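Chain by chain, the residues run as shown.
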Amino acid sequence: MKKSLVIVLLLCTTLALGQTSRKRRTPRQAPNQTKVRPPSVAVTNQDWTTPAEITKYRTTPRYDETMAYFRRVAEAVPLQVRMEKFGVTGEGRDLYIVIASRDGVFDPIAIHRANRPVVLVQNAIHAGEMDGKDACMALLREMVITGTQSALLDKAVVVIIPIYNADGHERFGPYNRINQNGPEEMGWRTQGQNLNLNRDYLKADAPETRSFLRLWTRWLPDFFVDDHVTDGADYQYDTTYNVNVGADVFPDHAAWQRQELIPYIERSVAASGHVIGRYVGVGEANPSTGLTMGQDLPRFSTGYVLIQNRVGLLVEQHMLKDYQTRVTGNYELLRALLEIINRDADRLVRANREADAAAASLATTPKAQLALRLKSTDKTTEFLFHGFKTVRTKSDISGGERVEYTQEPLDYRIPLRDDVQPIVTVQAPVAYIVPRPWQAVIGVLSAHGVRMKRLASAWTGEVETYRCAANWQERPYEGRHPLAGNAEFGSTGAGLSCRSVKEKMTFPAGSAVVTMDQRTAKVAAHWLEPMAPDSAVNWGFFDAIFEQKEYGEPYVMEKEARQMLGRDPKLRREFEDKLAADPKFAASPFARLNFFYERSPYWDQKLSLYPVGRVASLAGLPLN
């Protein structure tokens, strides 16, 4: 799950446990639906019980058994299901997708041309949280074998990643999730390099991430689902979810999710007997004091799809509910989601195309501002929270507060700070120029499907860029030492300050020119704007620009400093004022001499100068 020090969101549903089922709404019949021959009697008469169902949800299958089940379905109904490899893990395991298409069309270009929405469902990114994998086995069976859910493929094409974190999945054992109620054994949270793949979407360090990005670029899904299991507090809900509807979401996406998607899936999943609500990341904090909604950063799956002009659904089954309840709740949520996507397919596809066009016109739209960082305001709304009564006592073990959940239902209204507004925005340039030496930065852009031109020869000209000051956090995070204030939620950016400057700069031949007239413009901006929360600067790709490489020997600077003071009375006053005001500076011989070195003509003018240029026109650039 997405673990948080602040609360990510939350629930407004008033459902109670054990709610009586109601008849579910049936999606409209797709016009001119292609007739597909149903599976043969020999196929339908086979035993299609999933591995988890065979053990009555006591266990979940390993990697080989999982792939064998999906492969068996694909071989039984090849006109509707295909299994394709899309990458290889760090330890050498193959990564697969399973495609379900009603009429045997498996080419993403042809599918998009026909205005059919592609739904990508990702499972086991945190491989101890595998509920979605077992739910997808059952859902695929009902869509193409038994036919009880065949209508879910009327318009939609479903692409399933059975196990994304395959290496973590095979670090199998009974002690991988201390706070999870089953199955008996499960996988591990991170992949073979101990990287959390759900922090890697924008920086793309892991081989699995690079494979995912190639898959994304090829399929360009219309809707994305990421299946997880929660950590944190106990409460009544067994099935929780999150969708983004804030200021950084394309308006028609936000409106459709508020008006259609959320009400439909809550009614439909509740009718199946599950208790559903918006995802709560409260940990053991006291929710009665209120919950806070934060920015979904691009390092996360559902934050990343936002800058790809798409929307997604984060599924969070509740870790303390039994495994059967969790898997079947995940199944019902996917089923309800596909029903509403089939019903509203035309609107979703149209909104995606409009969102792509809006991103590609950011640089040419007057006064358009791209939100890079967002933060909740003090404005609150009330919602009904379905929790459990807790008992809080002083712990003689930890010395802190001990929280015990009584399992006695407790419904109460609490404030939600859900008004999330931009705090850092930027006007997009016509293009960025990334100097040729910074190949790692350019390589990440290429992995995201960002189109680039190249300088055919060296070019010198005035560009807009930044001069920055940076501080790094002490401990490593996801294999790097990012800048301070780069927290998972509510990222403050406190470790970096940048001011815009105009500079005459020279860019060598082969430098990358990233024009913003493309659908991936937001991806480029979030990677290349230093103050973006998951920028290349924040992740340490440009650390070298902050390193002083030349120094003046003390005996040389002693002489130089005296000459400078003799020539410049203003400099003398500045030096004396700093000595008086800054005891730490006054006590440091190095700092005192470096004060003069910084103001000498020998000082490195490129130190802390961001090497990426922002240009307002392509005129005069020697482009290939």
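Procedures and definitions
Residues numbered from 1 in each chain as written. Predicted model: local features only at pLDDT ≥ 70, side-chain atom pairs only at ≥ 80, totals over all residues. Heavy atoms only, no water. Helix = DSSP H or I, 4+ residues; strand = E, 2+ residues; numbered from the N terminus. Rg over C-alpha atoms; globule rule 2.2 N^0.38 Å. Buried < 20%, exposed > 50% of the residue type's maximum accessible area, 1.4 Å probe, protein only. Contact = heavy atoms within 4.5 Å. Salt bridge = Lys/Arg side-chain N within 4 Å of Asp/Glu carboxyl O. Core = buried A, V, L, I, M, F, W, Y, C linked by side-chain atoms within 4.5 Å. Axes fitted to C-alpha atoms, helices over the stretch in contact; angles between N-to-C directions. Parallel < 35°, antiparallel > 145°, perpendicular 65-115°, else oblique. Left-handed = near helix turned anticlockwise from the far one by under 90°. Nonpolar A, V, L, I, M, F, W, Y, C, P; charged D, E, K, R; others polar. Phe/Tyr/Trp six-rings, centres within 6.5 Å; stacked < 30°, edge-to-face > 60°. pLDDT = per-residue confidence, 0-100. Polar contact = N/O pair within 3.5 Å; in protein donor to acceptor, adjacent residues only side chain to side chain. Pairing = 2+ DSSP bridges. Expected span 1.5 Å × (residues − 1). 1 Å grid on protein atoms, 1.4 Å probe; cavity = no way out; pocket = protein on both sides within 12 Å on 5 of 7 lines; lining within 4 Å. Points joined across faces, edges and corners; volume = space filled by probe spheres on them.

Undergrad: Would you explain the overall build of the protein in this entry?
TA: For the protein, the helix and strand inventory stands at 17 helices and 19 strands. At 27 Å, the protein has a C-alpha radius of gyration in line with the 25 Å of a compact globule built from 624 residues. Taken along the three principal axes of its C-alpha coordinates, the protein extends 95 × 65 × 45 Å. Counting the 624 residues in the protein, one finds 57% classified as buried. Partitioning the contacts of the protein with sequence separation of at least 6, the portion at a separation of at least 24 is 81%.

Undergrad: Sorry, what's going on with the pattern of salt bridges here?
TA: Where side chains of opposite charge bring their charged atoms close, a pairing between them can arise. A complete count under the given rule lists 38 salt bridges for this structure. The salt bridge involving R299 is made with D534; its shortest N-O contact spans 2.8 Å. Taken together, the residues span a long stretch of sequence, with R299 in the loop between β8 (291-292) and α9 (301-307) and D534 in the loop between α13 (521-528) and α14 (554-567) at a distance of 235 residues. Residues R299 and D534 agree in their burial class; the two are buried. A salt bridge links K578 to D582; the shortest N-O distance between them is 3.7 Å. By relative accessible area, K578 is classed as partly exposed at 33%. Among the charged side chains, a network of salt bridges with common partners joins E129, R177, R189 and D231.

Undergrad: Before we go on, may I ask you to explain the nonpolar core in this structure?
TA: Across soluble globular proteins, nonpolar side chains have a tendency to be buried as a group. If you look at the biggest cluster of nonpolar residues, it comprises 136 residues, and the most contacted ones within it are M143, F223, L313 and W527. A total of 10 residues in this core trace back to one element, the largest contributor, which is helix α10 (residues 323-343). Residue contacts for M143: discarding those within four places in its chain leaves A100, Q149, S150, L152, L153, V158 and L338. With 13 residues, the next largest nonpolar core counts M557, M564, F585 and L607 among its residues.

Undergrad: What should I look at first to understand the packing of helix α5 (residues 131-144) against α10 in this one?
TA: Each pair of packed helices can be described by the angle between their axes along with the distance between the axes. It is at 8 Å that the axes of α5 and α10 come closest, and there the two elements cross at 55°. Regarding the angle of α5 to α10, the classification is oblique. Between α5 and α10 lies a crossing of right-handed hand. Contacts from D131, G132, D134, A135, C136, A138, L139, E142 and M143 in α5 reach Y323, R326, V327, N330, Y331, L334, R335 and L338 in α10. By residue class, the composition of the contact of α5 with α10 is 10 nonpolar, two polar and five charged.

Undergrad: Can you help me understand the packing of aromatic side chains in this one?
TA: By convention here, two paired aromatic rings are described through the distance between centres and the angle between planes. In the structure shown here, the tally under the stated rule is 29 aromatic pairs. Ring geometry for F575 versus F595: centroids 5.4 Å apart, planes at 45°, classification tilted. Of this pair, F575 sits in helix α15 (residues 569-581) while F595 is found in helix α17 (residues 589-598), placing the two residues 20 residues apart along the sequence. Residue class for F595 comes out buried when judged on its relative accessible area of 3%.

Undergrad: Can you help me understand the confidence of the model for the protein in this one?
TA: Detailed reading of the predicted model is not advised wherever pLDDT is low. Averaged over all residues, the pLDDT of the protein equals 92, while 93% of them reach at least 70. This model gives residues 3-33 a pLDDT under 50, and the stretch forms 88 contacts once residues within four places in sequence are excluded.

Undergrad: What exactly am I supposed to notice about the side chain of T66 here?
TA: Looking at the secondary structure, you find T66 in helix α3 (residues 63-76). Within the local environment of T66, its side chain forms a polar contact with the backbone oxygen of P61, the two atoms lying 3.4 Å apart. Contacts of T66, omitting those with residues within four sequence positions, involve P61, K133, M137, P162 and I163.

Undergrad: Looking at this structure, I do not really get the pairing of strand β11 (residues 381-394). What am I missing?
TA: Taken together, the 13 bridges between β11 and strand β12 (residues 401-417) define a ladder with antiparallel strand orientation. Bridge pairing in β12 links R392 to V403. Connecting β11 to the next strand, β12, in antiparallel fashion are six residues, including G399 with a positive phi near 85°.

Undergrad: I tried to follow the sheet that holds β8 on my own but got confused; where do I start?
TA: As a general point, the strands of a sheet are linked pairwise by backbone hydrogen bonds and lie either parallel or antiparallel. The strand order β8-β12-β11 describes an open sheet built from three strands, whose pairing is mixed. Of all strands in the sheet, those with a lone pairing partner are β8 and β11, marking the two edges. Relative to β12, β8 runs parallel, the two sharing two bridges. Counterpart to L291 in the pairing with β12 is L416.

Undergrad: When you look at α10 in this model, what are you seeing that I'm missing?
TA: Think of an α-helix as turning once every 3.6 residues; residues three or four places apart then point the same way. For α10, spanning 21 residues, the distance from its first C-alpha to its last is 30 Å, which sits close to the expected 30 Å at 1.5 Å a residue. Among the 21 residues that make up α10, 18 are buried, leaving the element largely enclosed by the rest of the structure. Of the residues flanking the start of α10, the one acting as N-cap is D322, its side-chain oxygen 3.2 Å from the backbone nitrogen of Q324.

Undergrad: Please explain empty space enclosed by the protein as it appears in this structure.
TA: Space left empty within the atom packing is revealed by a probe, the size of a water molecule, rolled over the atoms. All chains considered together, the criterion is met by three cavities of 30 Å³ or more. Considering only enclosed or pocket space, the largest cavity measures out at about 90 Å³ in volume. Forming the boundary of the largest cavity are 12 residues, of which N244, D248, G294, Q295 and V420 lie nearest the centre. Grouping the constituent residues of the lining of the largest cavity by class yields six nonpolar, four polar and two charged. In terms of lining residues, the second largest cavity is bounded by D248, V249, F250, H253, L306, N309, R310, V311, A355 and K522. Class assignment for the residues of the lining of the second largest cavity results in five nonpolar, two polar and three charged.

Undergrad: How do you make sense of the environment of Y57 when you look at a structure like this?
TA: As for its placement among the helices and strands, Y57 is situated in the loop between α2 (51-54) and α3. The class of Y57 is buried, set by a relative accessible area of 14%. Sequence separation between Y57 and D322 is 265 residues; the distance between their C-alpha atoms is 8.7 Å. If we skip the residues at most four places from it in the chain, Y57 touches A52, Y323, Q324, V327 and T328.

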